[in-house]
Amino acid sequence: MATGNINVTAENIFPIIKKFLYSDHEIFLRELISNATDATLKLKHLSTLGEIKGDIGTPIIEIKVDKDKKEIRIIDQGIGMTGEEVEKYINQVAFSGAEEFVEKYKDKVEDSGIIGHFGLGFYSSFMVASKVEIFTKSFAEDSKAVRWECDGSPKYILEETDRTERGTEIVLHVDDDSLEFLEESRIKQLLNKYNKFMPIPIKFGTKEETLPLPEGAAEDAKPEKITVDNIVNNPTPAWTKSPADLKDEDYKEFYRELYPMQFEEPLFNIHLNVDYPFNLTGILYFPKISKNVDPTKDRIQLYQNQVFVTDNVEGIVPDFLQMLRGVIDSPDIPLNVSRSYLQADGAVKKISSYITRKVADKLVSLFKNDRKAFEEKWNDIKIIIEYGMLSEEKFFEKSDKFALYPTVNNEYFILDELIEKIKPAQTDKDNKVVILYASDEKTQHSYIDAAKEKGYEVLLLDSPIVSHLIQKLESSKENIHFARVDADHIDNLINKDEEKISKLSDEEKEKLKPIIEAAIPKETYTVQLEALDSNANPFIITQPEFMRRMKEMQATGGGGFMGMGNFPEMYNLVININNELISEILNTKTEKKQERLIKQAFDLARLSQNLLKGQELTDFIKRSFQMVK
Ligand code: ADP
Ligand code: MG
């Protein structure tokens, strides 16, 4: 038997380890299973190289919990270690790794980022154990099994032992403040969280399985039950396979495996697979985005070599894709660094832009291969895509090929198609193609109707960031202009400089304006006299495109409007001087009646824009009833 001192420079790191990352104590199990996995993969590798004689069988990892003895055992059938190797890898390498780690992060315990997810390795076992033993026997011929023991002081014991099987068994003597980890349910939960897709089968207990009845069995025959290993993981998850070997159903199956509580099927998936200039595999899913989606639930999971790391992929996946679901597995993402460092890291930047590109490519191919199906999905995915167009320039450039613009008649165009189609009818006198849109079919119905009557196309753009989007489209494409149907009278929205014949003389117009202004709140409504079709409504309320858009952009954030104060509520009151009612107003002799006509017409116009509320609405209803009496 040999005893020795672990070479301690930082006085005693064990208390620090123990205190470290209080909420993250649970990672000890992941670390030890990762080591067991590494040792088993190494064994398999040596075997394929022919360096191990004989059959290695199908090695598994086993987790055992003994509540009475307060022990957790992690047992593998991997390459094991000789005494010298324990001396070297556990006493020196692993220890200095842990020491360095603690040195680096002891002041940052509060940082709840991904710091602490990796790097502590074997010594993380001291976060939950007061004493740790290793029983191990190397695969090397004639090697002797050894036992190592350490109670958390810098002293350790290393001695020969009589283990006969190849591999390593770690025994954790669980500390009294970590007894939770002796609960079967807690261990199951951890295995499910961190080890669900690790590459070596992990056994935790046994389970009963019912054998199928043999053919021709008697009717009352009881099916035979057998006890089998309870394997808790799927060692070959879909993302580790080649896309060529996976069918649509396999991807859906994997989605259910990943999110067992998620009942909605994904819309489509994107298989990521790259090995240069960085290594990354994964599958991303586009979910249906509805208003009640909880963005903190069922998020994209980040793995390193099939070991779960985190479901916070901020900084790695571009913001607009955070709403996607699925898995990313990459050994090339530096994990024990802070978020801000991560964002500046070159490799991570490349990963982020690779993901963006893959998503764009997938959207292009979906659009090309089955346009109909893509159109049907559009409403469920548009938010993500529009957000992406606004936030990632590269994505915006590609979006020309798949971003759809639906009309109120449920036709879908990409921008170029739309422009081509409406150009002949909707080009104004300044040679701009005016793209009309509505944000709500119900409240803007009369305006949509007026546009349709002219034979114009009206888009239905109803997502909350539309103002930002059209602002961007206008500035990146030449000669197009967006206008919401209620931004002005239709003839002004697409101004063709046609001569308008006015029924009123200039004198009459000059007389009319102050009469109307006197009867309405003119701080909010600017009177605008227009010679329109005689059957167009006499009073029309419009909200100038520019003001409204700025207001909306301010409300949805960004665009540099912060701190500019609120935009005032401003409308135009378009008076159609060719409508008969206007002549009537002008010719009415009694001032009272004149005012009543204006108020009534004004209220009707407000009503059609949903602007009449409260006392004014009550008065209007009363007045109207009196009129029909
Ligand atoms: P890392 O896994 O990052 O190398 P660890 O502290 O987890 O750091 O482990 C240190 C070393 O101890 C490993 O590199 C390996 O050589 C050895 N080791 C740990 N666990 C096992 C095991 N179960 N079987 C064989 N070797 C192991
Ligand atoms: Mg390790």
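The structure under discussion appears in the preceding block.
Residues numbered from 1 in each chain as written. Chains lettered and ligands numbered in written order. Predicted model: local features only at pLDDT ≥ 70, side-chain atom pairs only at ≥ 80, totals over all residues. Heavy atoms only, no water.

**Digging into the packing of aromatic side chains**
Here comes step 1: Per the counting criterion, the structure on display carries 22 aromatic pairs.
Here comes step 2: Aromatic side chains W239 and F254 sit 5.9 Å apart centroid to centroid with 55° between the ring planes, which places their arrangement in the tilted category. Separated by 15 residues along the polypeptide, W239 in the loop between β9 (225-231) and α5 (248-258) and F254 in helix α5 bring together distant segments of the chain.
Here comes step 3: Taking relative accessible area as the criterion, W239 reaches 1% and is therefore assigned buried.
Here comes step 4: Ring geometry for Y437 and F482: centres 6.3 Å apart, planes at 70°, overall edge-to-face. Pair noted here: Y437 is in strand β17 (residues 433-438) and F482 is in strand β19 (residues 480-484), with a separation of 45 residues, a long-range link.
Here comes step 5: Taking relative accessible area as the criterion, Y437 reaches 1% and is therefore assigned buried.
Here comes step 6: Among the aromatic side chains, those forming a connected cluster through ring pairs are Y194, F197, W239, F254, Y303 and F308. (Phe/Tyr/Trp six-rings, centres within 6.5 Å; stacked < 30°, edge-to-face > 60°. Helix = DSSP H or I, 4+ residues; strand = E, 2+ residues; numbered from the N terminus. Buried < 20%, exposed > 50% of the residue type's maximum accessible area, 1.4 Å probe, protein only.)

**Details of unusual backbone geometry**
Here comes step 1: Across the junction of Y276 and P277, the peptide omega takes the value 0°, indicating a cis bond.
Here comes step 2: You can see P277 is positioned in the loop between β10 (268-274) and β11 (280-286).
Here comes step 3: Phi at D142 takes a positive value of approximately 60°, unusual for a residue other than glycine.
Here comes step 4: Relative to the elements of secondary structure, D142 occurs in the loop between β4 (129-137) and β5 (146-150).

**Topic: the pairing of strand β12 (residues 301-304)**
Here comes step 1: Side chains of β12 alternate between two faces, with Q301 and Y303 and L302 and Q304 buried alike.
Here comes step 2: Both β12 and strand β14 (residues 325-329) contribute to a ladder of three bridges, which runs parallel. Within β14, the residue paired with Y303 across the bridge is D329.
Here comes step 3: In the sheet, β12 pairs with strand β13 (residues 307-310) via three bridges, with the strands oriented antiparallel. The residue bridging Q304 from the neighbouring strand is V307, located in β13. (Pairing = 2+ DSSP bridges.)

**Focus on the pairing of β10**
Here comes step 1: The element β10 is largely enclosed, with a buried count of six among its seven residues.
Here comes step 2: By the bridge criterion, seven bridges tie β10 to β11 in an arrangement that is antiparallel. Across the sheet, L272 pairs through a bridge with G282, a residue of β11.
Here comes step 3: Adjacent in sequence and paired antiparallel, β10 and β11 are bridged by five residues.

**Examining the side chain of K472**
Here comes step 1: Looking at the element boundaries, K472 is found in helix α12 (residues 466-476).
Here comes step 2: In this view, K472 contacts M389, L390, E393 and F396; residues no more than four positions away in its chain are not counted. (Contact = heavy atoms within 4.5 Å.)

**With respect to the site of ligand 1**
Here comes step 1: The local shell around ligand 1 consists of N35, A39, D76, M81, Y89, I90, A94, G121, F122 and T168.
Here comes step 2: Here ligand 1 has 530 Å² of accessible area as a free molecule, and 75% of this is covered by the chains.
Here comes step 3: Contributing elements (two or more residues each) for the shell around ligand 1: α2 (27-48) and α3 (83-105).
Here comes step 4: Element by element, the count of residues in the shell around ligand 1 is highest for α3, at three residues.
Here comes step 5: Classifying every residue of the shell around ligand 1 by side-chain character gives six nonpolar, three polar and one charged. (Near = heavy atom within 4 Å. Areas by Shrake-Rupley, 256 points an atom, 1.4 Å probe, with all protein chains shown as cover. Nonpolar A, V, L, I, M, F, W, Y, C, P; charged D, E, K, R; others polar.)

**Describing the pattern of salt bridges**
Here comes step 1: As enumerated under the stated definition, the model contains 46 salt bridges in all.
Here comes step 2: For D176, the salt bridge is made with K70, and the minimal N-O distance between the two is 3.0 Å. In this pair, D176 sits in the loop between β7 (167-174) and α4 (184-194) while K70 sits in the loop between β2 (61-66) and β3 (71-76), placing the two residues 106 residues apart along the sequence.
Here comes step 3: Residue E552 pairs with R548 through a salt bridge whose shortest N-O separation is 3.0 Å. With E552 and R548 both in helix α15 (residues 545-555) and four residues apart, the pair spans about one turn of that helix.
Here comes step 4: Beyond isolated ion pairs, a larger network of salt bridges with shared partners links E474, R484, D486, E545, R548, R549 and E552. (Salt bridge = Lys/Arg side-chain N within 4 Å of Asp/Glu carboxyl O.)

**What to know about α12**
Here comes step 1: For α12, the tally of buried residues reaches eight of eleven residues, placing the bulk of the element in the interior.
Here comes step 2: The set of residues buried in α12 consists of V466, S467, H468, L469, I470, K472, L473 and E474.

**Some remarks on the sheet that holds β17**
Here comes step 1: Reading across from one edge, β18-β17-β19 is the order of the three strands in this open sheet, with parallel pairing throughout. Every interior strand has two partners, whereas the edge strands, β18 (458-460) and β19, have only one. The mean inter-strand angle of the sheet, taken between neighbouring strand axes irrespective of direction, is 35°.
Here comes step 2: The sheet contact formed by β17 and β18 spans three bridges and is parallel. Note that in β18 the partner of A438 across the bridge is L460.
Here comes step 3: Packed onto the sheet, α15 meets β17 and β19 and runs at close to 80° relative to β19. (Axes fitted to C-alpha atoms, helices over the stretch in contact; angles between N-to-C directions.)

**Focus: a nonpolar patch on the surface**
Here comes step 1: Together, I621, F625, M627 and V628 make up a nonpolar patch on the protein surface, roughly 440 Å² of accessible area in all.
Here comes step 2: With respect to the helices, strands and loops of the structure, V628 is situated in helix α18 (residues 614-628).
Here comes step 3: With a relative accessible area of 66%, V628 lands in the exposed category. (Patch = residues over 30% accessible without salt bridge, like charges linked within 9 Å, V, L, I, M, F, W, Y side chains within 5 Å.)

**Thoughts on the sheet that holds β10**
Here comes step 1: Sheet architecture is open: five strands sit in the order β10-β11-β14-β12-β13, paired in mixed fashion. Single-partner strands in this sheet number two, and they are β10 and β13. On average, each strand axis in the sheet is inclined to that of its neighbour by 20°, with strand direction left out of account.
Here comes step 2: Sheet strands touched by α5: β10, β11, β12 and β14. Its angle to β11, the strand with the most contacts, is close to 90°.

**Quick word on the packing of helix α14 (residues 506-519) against helix α16 (residues 580-587)**
Here comes step 1: Contact geometry for α14 and α16: axes closest at 10 Å, N-to-C directions at 80°. Judged on the interaxial angle alone, α16 and α14 are roughly perpendicular. Along its contact with α14, which presents E508, K511, L512 and I515, the element α16 presents I582, I585 and L586. (Parallel < 35°, antiparallel > 145°, perpendicular 65-115°, else oblique.)

**Structural notes on the environment of L272**
Here comes step 1: Within the element layout of this structure, L272 appears in strand β10.
Here comes step 2: Relative accessible area serves as the criterion here: at 0%, L272 is assigned to the buried category.
Here comes step 3: Along the backbone, L272 and F126 are 146 residues apart, and their C-alpha atoms lie at a distance of 37 Å.
Here comes step 4: Non-local contacts of L272, meaning those with residues more than four positions away in its chain, are made with L280, T281, G282, L284, I328, Y354, I355 and K358.

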